Amino acid sequence: MKHNPLGSQGLHTSQQGLGCMGMSDFYGSRTDSDSIKTLHRAIELGVTFFDTADMYGPFTNEELLGKAIAGKRDGLTIATKFGIERDPVNASMRGLNGKPAYVQTACEASLRRLDIDVIDLYYLHRVDPATPVEQTVEAMAKLVDQGKVRGIGLSEVSAATLRRMHALFPISAVQSEYSLWSRDPEQDGVLEACRELGIAFVAYSPLGRGFLTGQIKRFEDLEETDWRRYNPRFQGDNFAKNLELVDRIQAIAARKSATPGQLALAWVMAQGDDIFPIPGTKRISYLEENIAAVDLTLTAEELAEIDAIAPVGSAAGTRYPEAMMGSVGR
């Protein structure tokens, strides 16, 4: 496993991380015992970067990760997020909160659930339109001064917001969706700003929420409790069109004796050492498959071929339902 600097504020971690969200929420059934085994196997294989958020569960994903890393904390980079509030009684009810007082209390609550002394990377999950983002970032900077956080990050922000906030306080990382079917950061200036400012780019859903693995063949393959049933890219004609994209990716992967998921991950990592994909999985077998993509090298010709079959905008449908798209890119 390769390890690289995560931004310019001293963090250093594995190039491929592990997104923990699906171990507690959104993607159907799961068991904590299997998830903890997967987390332990990830550590054995050299993964040191683990991503969670207080809204996953809500709250239970941080607790799960905290149990898994007990006694194994040294050398790990633990990232979590705040800013999306969910009602524990009715988790479908949610709102955004970037108020300074909330930043402090949310951080302290995450530290307790994770059972750690310091959060390595603390993200604002989404910008709260009711609170000037400057006030939110200033409150996050205080957490660094207090020794509760090592570096701060922003998630799904615009390039303009990123530049303004980095001038206010150094930003270690930006997390946004990025994959062969979500290439917006190449076009909206975010990736360019990250590179200009020395900020790491953390790519969530690098496997297209599992679609790019080729494992999802029918809408009915998704469990009733799987939120992807409400994602436009998994619905109707969009589903069929996106399957055609996966078939083209699979054809190239077969020539490399790789899976389509491994090809998709290798493509993300080939975009630069400053990009850190965090594919999520609950299963050891998929974890091992994903990590093997670190050793998959793509030639310039192969990268050009992939670009030709999966150019910017090739995916059918928006990456979130319309109501949720309004919270990204602020």
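Residues numbered from 1 in each chain as written. Predicted model: local features only at pLDDT ≥ 70, side-chain atom pairs only at ≥ 80, totals over all residues. Heavy atoms only, no water.

Colleague: Help me understand the packing of aromatic side chains in this model?
Modeller: Pairs of aromatic rings are described using the distance from one ring centre to the other and the angle between the two planes. This model, assessed by the stated rule, comprises eight aromatic pairs. Here the aromatic rings of Phe-82 and Tyr-122 are separated by 4.9 Å at their centres, their planes lie at 25°, and the arrangement is stacked. A residue pair is termed long-range when its members are at least 10 positions apart, and Phe-82 in strand β5 (residues 77–82) and Tyr-122 in strand β8 (residues 119–124) qualify at 40 residues. As far as the burial class goes, Phe-82 and Tyr-122 line up, both buried. (Phe/Tyr/Trp six-rings, centres within 6.5 Å; stacked < 30°, edge-to-face > 60°. Helix = DSSP H or I, 4+ residues; strand = E, 2+ residues; numbered from the N terminus. Buried < 20%, exposed > 50% of the residue type's maximum accessible area, 1.4 Å probe, protein only.)

Colleague: I keep staring at the environment of His-166 and nothing clicks. Help me out?
Modeller: Considering the arrangement of structural elements, one finds His-166 in helix α5 (residues 159–168). Judged by relative accessible area, which is 18%, His-166 ranks as buried. A sequence separation of twelve residues divides His-166 from Leu-154, and the C-alpha atoms of the two residues are 10.0 Å apart. Not counting the four nearest positions on each side in its chain, His-166 is found in contact with Ile-171, Leu-197 and Ile-199. (Contact = heavy atoms within 4.5 Å.)

Colleague: Quick question: what am I supposed to make of unusual backbone geometry here?
Modeller: Negative phi values dominate among residues other than glycine, just as trans dominates among peptide bonds. A cis amide bond, omega -5°, links Gly-57 with the succeeding residue Pro-58. By secondary structure assignment, the location of Pro-58 is in the loop between β4 (49–51) and α2 (60–69). Residue Ser-205 is not a glycine yet carries a positive backbone phi of 50°. Relative to the elements of secondary structure, Ser-205 occurs in the loop between β11 (200–204) and α8 (236–255). In the Ramachandran plot, Arg-209 falls in the positive-phi region, its phi being about 55° despite a non-glycine side chain. On the secondary structure map, Arg-209 appears in the loop between β11 and α8.

Colleague: I keep staring at the nonpolar core and nothing clicks. Help me out?
Modeller: When a protein is soluble and globular, its nonpolar side chains tend to lie buried together. Core analysis: the largest hydrophobic core is formed by 80 residues, its most contacted members being Phe-50 and Leu-162. Ranked by residues supplied to this core, first place goes to helix α9 (residues 260–270) with seven residues. Within the second largest apolar cluster, 22 residues are counted, among which are Leu-121, Ala-173, Val-202 and Ile-278. (Core = buried A, V, L, I, M, F, W, Y, C linked by side-chain atoms within 4.5 Å.)

Colleague: Where do I start with helix α10 (residues 284–292) in this structure?
Modeller: Residues of α10 that are buried include every one of Leu-287, Asn-290 and Ile-291, and no others. For α10, the buried positions fall inside an angular range of 95° around the axis, keeping them on one side. In the core, the buried residues of α10 are packed alongside β3 (18–19), α1 (32–44) and α9. (Arc of directions from axis to C-beta.)

Colleague: When you look at the pattern of salt bridges in this model, what are you seeing that I'm missing?
Modeller: Proximity of charged atoms lets side chains of opposite charge pair with each other. Applying the stated criterion across every chain, the model contains 23 salt bridges. Between Lys-148 and Glu-108 there is a salt bridge whose closest N-O contact spans 2.7 Å. Of this pair, Lys-148 sits in the loop between α4 (133–145) and β9 (149–155) while Glu-108 sits in helix α3 (residues 100–114), and the two are 40 residues apart along the sequence. Among the residues examined, Lys-148 registers a relative accessible area of 21% and is labelled partly exposed. Ionic pairing is found between Arg-228 and Asp-226, a salt bridge with its closest N-O pair at 2.6 Å. Across the pair, exposure class does not vary: Arg-228 and Asp-226 are buried alike. Beyond isolated ion pairs, a larger network of salt bridges with shared partners links Glu-156, Glu-177, Asp-184, Arg-209 and Arg-319. (Salt bridge = Lys/Arg side-chain N within 4 Å of Asp/Glu carboxyl O.)

Colleague: Explain the pairing of β9 to me, please; I cannot follow it from the model alone.
Modeller: The two faces of the sheet receive side chains in turn, since in a regular strand these alternate between them. The buried count for β9 comes to six of seven residues, which makes it a mostly enclosed element. Pairing between β8 and β9: five bridges, direction parallel. Pairing of Tyr-122 across the sheet is with Ile-152, part of β9. Two strands pair when backbone bridges link them, and β9 and strand β10 (residues 173–177) are joined in this way by three bridges, in the parallel orientation. Within β10, the position partnered with Leu-154 by the bridge is Val-174. Regarding topology, α5 serves as the crossover connection from β9 to the parallel β10, and that connection is right-handed. (Pairing = 2+ DSSP bridges. Right-handed = clockwise from strand over helix to strand, strands pointing away.)

Colleague: How should the side chain of Ser-176 be read in this particular structure?
Modeller: Structurally, Ser-176 can be placed in strand β10. The contacts of Ser-176, once residues within four sequence positions are left out, are Glu-156, Phe-201, Val-202, Ala-203 and Tyr-204.

Nothing here speaks to function; it is all geometry.
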